[in-house]
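Notes for the structure review
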Amino acid sequence: SVRLRAPHGQGNLLEAPPPHIAHHDINVPVRNGQTSTGDHIRTLFDCELPMDKENETFVKCLEKAQLQGPGIRFVVLGSENFVGKWLNGGRRGAGLNYKCFAQQFVSSPVGPGQRNFFEQTLLLGEVQYDDITQQLHDMALSEGIDQDTIKYGENTTYDRMVEEASIRCQRRLANIVRCIARCSLRPICISGGNEDILGLGYGVHLGRTIARGTTTNLTLGNFDCHADYKYLEERGAHSGNGFSILNTIGCLKKYAVLGLSPYENREAMMEQLINTTCWYRYLDDISLIGANNRPSLFDSLLDMIKALETEGGEVPGLCVDLDVTEDLAGVSCPATLGYTRAQVHEMVQEFTRYNKPFFLLLAEGMPDPALPLTTGANRTLGKYQASLVSCFLRNCISVPHI
């Protein structure tokens, strides 16, 4: 195996990652007569890079990368922290999801006609929140709190600290994404929790507003068993209210969610969704066997795309919560019903082809830390996410720069 490298001996495209970005050493298998994604993907390596207050140095590096070789159009990054899911009652963890994805992504064989979009993709690295979560760890240690078992409401001081930490994490992600979107590059975020739609979406909103010189709002599609549109409660930003926060701060123009489980969404949240004129469809309102009294999955997808039609000033985006997938091991909040992996893959393909989203979020992956990342259910989870990202790239490559 060899260290992940820049293609065709071009060297590093950026001098360094920005602060709070870690780029992991990933082995790319060497097989005679076969090239892998890692042979063509664009990369950068760890070193120090001072940045000014407005991240101008990072922006200039991205602009430089656009001019080298085939030019960069897509930026893949990871974002993983436990605070957003913990605030929503979910499990801690998910710190391995980006590594699980990245290993399978760079190891994927390159098929006919695929080299082009991989050479236009930068594997940026993983957003680091260690300094933020370390403060929570230190506070828990001093107070005798077991972070693995404590629940929200059991310690008010710890609750408030986690709420603040969640906001800080989203600000950090938004700051990095803002630079990417400002350069008209399309971010692809591999996330441990759906709360990252807040940082990702707000960063895109800011970056495109700067680039265009006029306010730019979002139209978001979500494949999910959960609406993630809870009231803005005292728990702060978490994995269940990212979309409703984007709507409250005024940068979400349209929202549509497909695949809701009838057993996983509370009445109060659904009433709020209805009152904001968002489009949604339950999984059992869709016929997967051709029943005449219900629309097919494809018809429902077309209805969703129509509901998200842009009016010229919006930026479209797509979120795929992995819990919408049936019988997939390694998700943080598995649901009772879902679609097959093949169906989700086709949904991403058709949505990308028709809606042409500017960015993608894959959320809620949680590999088993007791297993190696390259074996068993973890390998399946990584390959599944890699296939969805490749599908997005393949169907976006013909979309012109905006």
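Residues numbered from 1 in each chain as written. Predicted model: local features only at pLDDT ≥ 70, side-chain atom pairs only at ≥ 80, totals over all residues. Heavy atoms only, no water.

A few points about the overall build of the protein chain
If you tally the helices and strands in the protein chain, you get 12 helices and 12 strands. The buried share among the 402 residues of the protein chain stands at 56%. Long-range contacts, defined as pairs at least 24 residues apart, comprise 80% of the intrachain contacts of the protein chain with a sequence gap of at least 6. Summed over all atoms, the accessible surface of the protein chain reaches about 16,300 Å², with 49% contributed by carbon and sulfur. (Helix = DSSP H or I, 4+ residues; strand = E, 2+ residues; numbered from the N terminus. Buried < 20%, exposed > 50% of the residue type's maximum accessible area, 1.4 Å probe, protein only. Contact = heavy atoms within 4.5 Å. Areas by Shrake-Rupley, 256 points an atom, 1.4 Å probe, with all protein chains shown as cover.)

Section: a nonpolar patch on the surface
A cluster of nonpolar side chains, namely F298, L302 and Y354, defines an oily patch on the protein surface of about 270 Å² accessible area. Mapping F298 onto the fold places it in helix α10 (residues 297–307). On the basis of relative accessibility, which here comes to 37%, the residue F298 falls in the partly exposed class. (Patch = residues over 30% accessible without salt bridge, like charges linked within 9 Å, V, L, I, M, F, W, Y side chains within 5 Å. Salt bridge = Lys/Arg side-chain N within 4 Å of Asp/Glu carboxyl O.)

So, the nonpolar core
Counting 56 residues, the largest nonpolar core has V204, L220, Y255 and F359 as the members making the most contacts within it. Those residues within four positions of L220 in sequence are excluded, and the remaining contacts are I197, F243, L246, L252, K254, Y255, A256, L308, G317 and F359. Listed in part, the 50 residues of the second largest apolar core include F117, I190, V324 and L328. (Core = buried A, V, L, I, M, F, W, Y, C linked by side-chain atoms within 4.5 Å.)

Thoughts on the confidence of the model for the protein chain
The predicted coordinates should not be examined in detail at positions where pLDDT is low. Confidence along the protein chain averages 80 in pLDDT terms, with 80% of residues attaining 70 or more. The secondary-structure element of the protein chain with the lowest mean pLDDT is strand β1 (residues 2–3), recorded at 31, while strand β12 (residues 359–363) shows the highest, at 96. Considering only residues more than four positions removed or in separate chains, one finds that residues 1–17, a stretch of pLDDT under 50, has 63 contacts. This stretch, residues 45–52, has a pLDDT under 50; its non-local contacts, to residues over four places away or in other chains, come to 26 contacts. (pLDDT = per-residue confidence, 0-100.)

Remarks on the packing of α10 against helix α11 (residues 341–355)
The packing of two helices is summarised by the inter-axis angle and the distance between the axes. For the pair α10 and α11, interaxial distance at closest approach is 10 Å and the crossing angle is 35 degrees. As α10 packs across α11, the resulting crossing turns out to be right-handed. In this structure, α10 contributes L297, F298, L301, L302, M304 and I305 to the contact, and α11 contributes Q343, M347, E350, F351, Y354 and N355. Considering only residue class, the contact of α10 with α11 consists of nine nonpolar, two polar and one charged. (Axes fitted to C-alpha atoms, helices over the stretch in contact; angles between N-to-C directions. Left-handed = near helix turned anticlockwise from the far one by under 90°. Nonpolar A, V, L, I, M, F, W, Y, C, P; charged D, E, K, R; others polar.)

Some remarks on α10
Those residues of α10 lying buried are L297, S300, L301, M304 and I305. For α10, the angular spread of the buried residues around the axis is 140 degrees, confining them to a single face. Each element contacted by the buried residues of α10 is listed here: β8 (217–223), β9 (252–260), β10 (279–282) and α11. (Arc of directions from axis to C-beta.)

A look at the environment of C251
Looking at the element boundaries, C251 is found in the loop between α8 (242–248) and β9. With 33 residues separating them along the chain, C251 and L218 place their C-alpha atoms 6.1 Å apart. Residues contacting C251, with those up to four places away along its chain left out, are Y202, H205, N217, L218 and L246.

Some details on the pattern of salt bridges
As enumerated under the stated definition, the model contains six salt bridges in all. The residue R160 makes a salt bridge to E163 at a minimum N-O spacing of 2.8 Å. Note that R160 and E163 are positioned in helix α6 (residues 156–182) at a spacing of three residues, about one turn of the helix. With a relative accessible area of 10%, E163 lands in the buried category. Between E314 and K253 there is a salt bridge, with the nearest N and O atoms lying 3.2 Å from each other. Taken together, the residues E314 in strand β11 (residues 314–321) and K253 in strand β9 connect sequence positions 61 residues apart. Classification of K253 by relative accessible area gives partly exposed; the value is 43%.

Details of the packing of aromatic side chains
Inspection of the entire model under this criterion finds seven aromatic pairs. Ring geometry for Y98 and F101: centres 6.2 Å apart, planes at 45 degrees, overall tilted. A residue pair is termed a helical-turn pair when its members lie 3 or 4 positions apart in one helix, as Y98 and F101 do in helix α3 (residues 97–107) at three residues. The exposure classification of Y98 matches that of F101, with both residues buried. Judged by centre distance (5.9 Å) and plane angle (75 degrees), the rings of F105 and F118 are edge-to-face. Here F105, found in helix α3, pairs with F118, found in helix α4 (residues 115–119); they are 13 residues apart in sequence, far enough to count as distant. Taking the relative accessible area as the measure of exposure, F105 reaches 0% and is therefore buried. Through successive ring pairs, a cluster of aromatic residues spans Y98, F101, F105, F117 and F118. (Phe/Tyr/Trp six-rings, centres within 6.5 Å; stacked < 30°, edge-to-face > 60°.)

A look at the pairing of β11
Most of β11 is tucked away: eight of the eight residues are buried. The alternating pattern of β11 places E314, P316, L318 and V320 on one face and V315, G317, C319 and D321 on the opposite face, and all of these are buried. Inspection of the sheet shows β8 paired to β11 by seven bridges, in the parallel sense. Within β11, the position partnered with L218 by the bridge is V315. (Pairing = 2+ DSSP bridges.)

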